[in-house]
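Residue-level structural notes
Each chain, letter by letter, is given below.
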Amino acid sequence: MKLTVEIDSGSGFCFGVTTAIKKAEEQLASSGSLYCLGDIVHNGIEVERLHEKGLITINHDQLSRLRSAKVLLRAHGEPPETYDCAHRNDIEIIDATCPVVLRLQRRIKSQYESNPDAQIVIFGKNGHAEVMGLVGQTDHHAIVIENYDEATRLDFTRDIYLYSQTTKSLDEYHRIIDYIRSHMSPEAHFQSFDTICRQVANRMAAIAAFASRHDVVVFVSGRKSSNGRVLFNECQRVNPRSHLVEGPDGIQPEWFRDANTVGICGATSTPKWLMERCKAKIENLQ
């Protein structure tokens, strides 16, 4: 029987990533080259495509030595010191920070300035670009917790203001909120803020429904993508025959034995064209 292969219509770039790549392509079309601070998206194959067009990825060390150039800031956002460095070095910033992330940065900065002695807590991945930008709004005083278990190390006798990285699990965030609320001292104040991007959070239920409809699922994502890991885990929970690949080369023919339908889906950092290539690869196996 011929395999039916479907690409999930809800998968692919989120608004923030789409905007960042569009800005990069516009600049590259007019000037032929452009610097980008960090990988523009957590997808190696898409990064390579843009490198071939003239996008040059640099790190913060290289930024500090750069002079009189144009630099794109990706959707994840940056801490204040990045903007200070750019100003000192006569660097023109093309700011592609996602509006959702930008609003979150401003909220955290305002909260920190109004109560610097409180604990600003961020549920997120240590070292992740977005989280580093958020922590930077507090002069690096914010506490990062990566999971529910790490909430135990907070000081419940002091005020806590809790925020989340925009792409984290909504369910786990609510568990952390409940845990902190139940352990707070009566003398201390606790407040949590709904800062998870709904475009990302809503994909959890949608991708679970998509994965359940197919015999086999091929999830396309860069290995660095936090959002990709969360969504892939959801696929695997619903459908044990889910496989993570970075691109068509990772696809194995034996995955599709005794299968009638294959679903292809991906992260918010996965381009549609890459999922199309994976579909073509699977169809060519038949």
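Rules used throughout
- Residues numbered from 1 in each chain as written.
- Predicted model: local features only at pLDDT ≥ 70, side-chain atom pairs only at ≥ 80, totals over all residues.
- Heavy atoms only, no water.
- 1 Å grid on protein atoms, 1.4 Å probe; cavity = no way out; pocket = protein on both sides within 12 Å on 5 of 7 lines; lining within 4 Å.
- Points joined across faces, edges and corners; volume = space filled by probe spheres on them.
- Nonpolar A, V, L, I, M, F, W, Y, C, P; charged D, E, K, R; others polar.
- Core = buried A, V, L, I, M, F, W, Y, C linked by side-chain atoms within 4.5 Å.
- Buried < 20%, exposed > 50% of the residue type's maximum accessible area, 1.4 Å probe, protein only.
- Contact = heavy atoms within 4.5 Å.
- Phe/Tyr/Trp six-rings, centres within 6.5 Å; stacked < 30°, edge-to-face > 60°.
- Helix = DSSP H or I, 4+ residues; strand = E, 2+ residues; numbered from the N terminus.
- Lys NZ or Arg CZ within 6 Å of the ring centre and 35° of its normal.
- Pairing = 2+ DSSP bridges.
- Axes fitted to C-alpha atoms, helices over the stretch in contact; angles between N-to-C directions.
- Lys, Arg positive; Asp, Glu negative; His and termini not counted.
- Salt bridge = Lys/Arg side-chain N within 4 Å of Asp/Glu carboxyl O.

Using the criterion set out here, one finds 1 cavity of 30 Å³ or more in the structure. Ser221, Gly222, Arg223, Ser225, Gly228, Arg229 and Leu244 are the residues that line the largest cavity. When grouped by side-chain class, the residues that make up the lining of the largest cavity number 1 nonpolar, 4 polar and 2 charged.

Further remarks concern the nonpolar core. In this structure, Ile160, Leu162 and Ile180 are the most contacted members of the largest nonpolar core, which totals 18 residues. Beyond its immediate chain neighbours, meaning those up to four positions away, Ile180 contacts Leu154, Phe156, Ile160, Leu162 and Phe190. Counting residues in hydrophobic clusters, the runner-up holds 17 residues, among them Val218, Val245, Ala259 and Leu274.

This model, assessed by the stated rule, comprises 6 aromatic pairs. Taken together, a centroid distance of 5.6 Å and an interplanar angle of 70° make the contact between Tyr148 and Tyr179 edge-to-face. With Tyr148 in the loop between strand 7 (143-145) and strand 8 (160-164) and Tyr179 in helix 7 (residues 170-183), this residue pair connects regions lying 31 residues apart in the sequence. Taking relative accessible area as the criterion, Tyr179 reaches 16% and is therefore assigned buried. With a centroid separation of 5.9 Å and an interplanar angle of 50°, the aromatic rings of Phe219 and Phe232 are classed as tilted. Residue Phe219 is located in strand 10 (residues 216-220), and its partner Phe232 is located in helix 9 (residues 226-238); the two are separated by 13 residues in the primary sequence. The class for Phe219 is buried, based on a relative accessible area of 0%. Judged by relative accessible area, which is 5%, Phe232 ranks as buried. Ring pairing ties together the aromatic residues Tyr148, Phe156 and Tyr179, which thus form one cluster. For the cation-ring pair, Arg175 lies above Tyr148, with the distance from its terminal atom to the ring centre recorded as 3.9 Å.

Within a sheet, adjacent strands bond to each other through the backbone by hydrogen bonds, running parallel or antiparallel. The strand order across the open sheet formed by 4 strands is 1-12-10-11, and the pairing between neighbours is parallel. The open sheet has two edge strands, strand 1 (4-7) and strand 11 (242-245), and neither has a second partner. If you compare each strand with its neighbour and ignore which way they point, the axes differ by 20° on average. Across 4 bridges, strand 10 lies against strand 11 in parallel orientation. Paired with Val218 across the strands is His243, a residue of strand 11. Its contacts with the sheet place helix 8 (residues 198-212) against strand 1, strand 10 and strand 12 (261-266), and it is angled at close to 160° to strand 12. Helix 10 (residues 272-284) contacts strand 1, strand 10, strand 11 and strand 12 of the sheet and is inclined by roughly 160° relative to strand 12.

Along the polypeptide, Lys168 turns up in the loop between strand 8 and helix 7. Within the buried set, Lys168 has no salt-bridge partner at all; the shortest N-O distance to an opposite charge, 5.7 Å, is to Glu172. Discounting residues that sit within four places of it in the chain, Lys168 has contacts with Phe123, Gly124, Glu146 and Ile196.

All right, on to the pattern of salt bridges then. The final tally for this structure, using the stated rule, is 11 salt bridges. Measuring nitrogen to oxygen at the nearest pair gives 3.8 Å for the salt bridge that ties Arg223 to Glu246. Of this pair, Arg223 sits in the loop between strand 10 and helix 9 while Glu246 sits in the loop between strand 11 and strand 12, placing them 23 residues apart in sequence. The class for Arg223 is exposed, based on a relative accessible area of 53%. Looking at Glu246, the relative accessible area reads 35%, which means it is partly exposed.

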